[in-house]
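Architecture at a glance
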Amino acid sequence: MKPTLILIISLVIFSHGTFAQERKEKSRFDGGYWGVVLEHPDAKKVTVETDIPFRTEGSRSLHFDAYLPLGIGQDEVRPTVVFLNGIGDQPNQPGLKQEAVYSSWARLIAAHGYVAITMESEVNRIEDSFVALFRYLDQSGAKHHVDTRAIGTHALSANCREVASYLMSTKAYPGIKAAVLYYGQMPAGPYRTDLPVMFVVAALDIREDNYSHLWTEVLRNKSPWTITIANGMPHAFDAFSDTEVSKRMIMTTISFWNNQLGPVPASSSPPSKERSIVAAGYEDSEKMLRLMREWMSEHPDTKDASALSIYAGALVNVKEFAEAEKYLKRSISLDPSNQGNYLNMTVICYALGNLKEAVKQLALYEKNSTPEGFTYGYIANRLFDINKFREAAENYERAISFPNPHTFLYYNLACCYAMLGEKDKAFRNLYKAAERKFGDKVGYEADEKLKSLHTDPKWAELMGNLP
């Protein structure tokens, strides 16, 4: 039998196959016999409210069990982890919530201070079952100590696909703040950008490209996922592998719940404008400039050289070169050691037409720093953006003289030479960009800076080498 077929059969057995048997009859060789391998001294002491109805209309009633931590107050609510049933239960047969792995996981979560819920769902109406459960919790969850503002969902194995589809949809309950998915398969994206997810892959489940789409979707959507591999572990390791690796992964999962559902310690000091400005520099240049303008208006006589340098750099970004020069000179007078200031002064001087001073500022940088490709690439890119093509070309040439230059440098250099009317140099660098797989035919043909090359016979030859 092929390994893939074994995996599929095991997955079905673990999630579906032996419900027809009563729990007391299960063999130790039955996957449904085994509970979670990590123990907690309070797990057997938690209170369990069983068979609470949450949907009574339709062809069958659905129920959930609530596991309550020790010492919970009469009117107290706690963050809650809901173990979603994404495969459904057959009528008149023991349900998923009665399986050892789910009841033991729920006890473990409750032993760590959370409310845990296991549920029934109706086959072929999985999403409706989820919607009904969360509708009930929204209306009556406080009676069962559920904090509806801090809910996490947990799914195992074959449950993951339906659970993930629900979580990524507009029907997902807004009180769900995080999710854990164990060794299952994911539907195609898009994945949400506002839902932290911990996805645990059993290493022995990995074959060919069955998980290759995950990172692609996560990165494409910038989703806040943690994808981790249970090293050397088989499918359903949390129930089947009584090992340190398995237990540590379960502990990591509980830490995830603590981080996502637990309280965040309050700061000992009020929010800092300066910290916000530093953060904005890595996320939104327009926001950073706006915040920096506000800060400078409040501190017009500042002696903070770093503040002046940051403000000047932000002004360079928006091409306010004369204003940037004023603040950068103040920064340099206060702290001549900041080498980045000399790079920006080089750009400013080029932009303002002061070529002699630009050469001087660059020499000051080179005197006290070890130049690298980035040094000249930075200057060249700034000059390229303001159509200083001759000066940009000179610095691109310097940048590509260093080992392993970025491919786009050749392309930009070619654009400079095309704008300067130096076609041979332009084609030489375009060929280098094309050889290094930069860009495509559509992009090259649409670039206005390359229009002057279209009538040259070399252009058709170049286009033949592009995808």
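The preceding data block contains the structure.
Note that this is a predicted model, so its numbers are computed, not measured. (Residues numbered from 1 in each chain as written. Predicted model: local features only at pLDDT ≥ 70, side-chain atom pairs only at ≥ 80, totals over all residues. Heavy atoms only, no water.)

Moving on to the state of the cysteines. All chains considered together, the criterion is met by 0 disulfides. Cys415 takes part in no disulfide bond, and the closest cysteine sulfur to it belongs to Cys416, at a distance of 7.2 Å. (Disulfide = S-S within 2.5 Å.)

Right, let's get into the pairing of strand β7 (residues 197–202). Burial runs high along β7: 6 of the 6 residues are buried. Of the two faces of β7, the one lined by Val197, Phe199 and Val201 and the one lined by Met198, Val200 and Ala202 are each fully buried. Bridging between strand β6 (residues 176–182) and β7 involves 4 bridges; their strand directions are parallel. Bridged to Ala179 within β7 is Val197. Summarising the sheet, β7 and strand β8 (residues 225–230) pair through 6 bridges and their orientation is parallel. Of the residues in β8, the one forming a bridge with Val200 is Thr228. Since β7 and β8 lie parallel, the crossover through helix α5 (residues 212–221) that links them has a hand, and here it is right-handed. (Buried < 20%, exposed > 50% of the residue type's maximum accessible area, 1.4 Å probe, protein only. Helix = DSSP H or I, 4+ residues; strand = E, 2+ residues; numbered from the N terminus. Pairing = 2+ DSSP bridges. Right-handed = clockwise from strand over helix to strand, strands pointing away.)

Attention shifts here to the layout of surface pockets. Where empty space is left becomes clear once a probe the size of a water molecule has been rolled over the atoms. In this model, the largest pocket occupies a volume close to 510 Å³. Lining the largest pocket are 19 residues; nearest its centre among them are Gly35, Lys44, Ala100, Ser104 and Arg107. The element best represented in the lining of the largest pocket is helix α2 (residues 100–111), accounting for 5 residues. Considered class by class, the residues forming the lining of the largest pocket number 9 nonpolar, 5 polar and 5 charged. Approximately 270 Å³ is the volume found for the second largest pocket. Lining the second largest pocket are 13 residues, and of these Gly281, Met288, Ile310, Ala314 and Asn317 lie nearest its centre. (1 Å grid on protein atoms, 1.4 Å probe; cavity = no way out; pocket = protein on both sides within 12 Å on 5 of 7 lines; lining within 4 Å. Points joined across faces, edges and corners; volume = space filled by probe spheres on them. Nonpolar A, V, L, I, M, F, W, Y, C, P; charged D, E, K, R; others polar.)

Right, let's talk about the pattern of salt bridges for a bit. Tallying each qualifying case throughout the model produces 22 salt bridges. Between Glu217 and Arg220 there is a salt bridge; the shortest N-O distance is 3.0 Å. Here the residue Glu217 and the residue Arg220 both occupy positions in helix α5, the gap between them amounting to 3 residues, near one helical turn. A residue is classified by how much of its surface remains accessible, and Arg220, at 56% relative accessible area, is exposed. (Salt bridge = Lys/Arg side-chain N within 4 Å of Asp/Glu carboxyl O.)

What follows concerns the pairing of strand β3 (residues 78–83). Burial within β3 is extensive, with 6 of its 6 residues counted as buried. Bridging between β3 and strand β5 (residues 146–156) involves 5 bridges; their strand directions are parallel. For Thr80, the partnering residue across the bridge sits in β5 and is Ile151. As paired elements, β3 and strand β4 (residues 115–119) share 4 bridges and run parallel to each other. The residue bridging Phe83 from the neighbouring strand is Thr118, located in β4. Crossover connection from β3 via α2 to parallel β4: handedness right-handed.

This paragraph deals with the side chain of Ser157. Turning to its location among the elements, Ser157 is positioned in the loop between β5 and α4 (160–167). Ser157 sits in the buried class, given a relative accessible area of 1%. A distance of 2.8 Å separates polar atoms of two side chains, one belonging to Ser157 and the other to His235. (Polar contact = N/O pair within 3.5 Å; in protein donor to acceptor, adjacent residues only side chain to side chain.)

For Trp34, the location among the structural elements is in the loop between α1 (3–17) and β1 (47–55). Owing to a relative accessible area of 32%, Trp34 belongs among the partly exposed residues under this scheme. For the pair formed by Trp34 and Ala100, sequence separation is 66 residues and the distance between their alpha carbons is 5.8 Å. Contacts of Trp34, omitting those with residues within four sequence positions, involve Arg28, Ala100, Val101, Ala239 and Phe240. A polar contact is formed between the side chain of Trp34 and the backbone oxygen of Arg28, at a distance of 2.8 Å. (Contact = heavy atoms within 4.5 Å.)

Moving on: empty space enclosed by the protein. Counted under the stated rule, the structure contains 1 cavity of 30 Å³ or more. Volume-wise, the largest cavity comes out at about 30 Å³. The wall of the largest cavity is formed by Phe83, Leu84, Asn85, Leu96, Lys97, Tyr102, Thr118 and Met119. Each residue belonging to the lining of the largest cavity can be placed in one class, and the counts come to 5 nonpolar, 2 polar and 1 charged.

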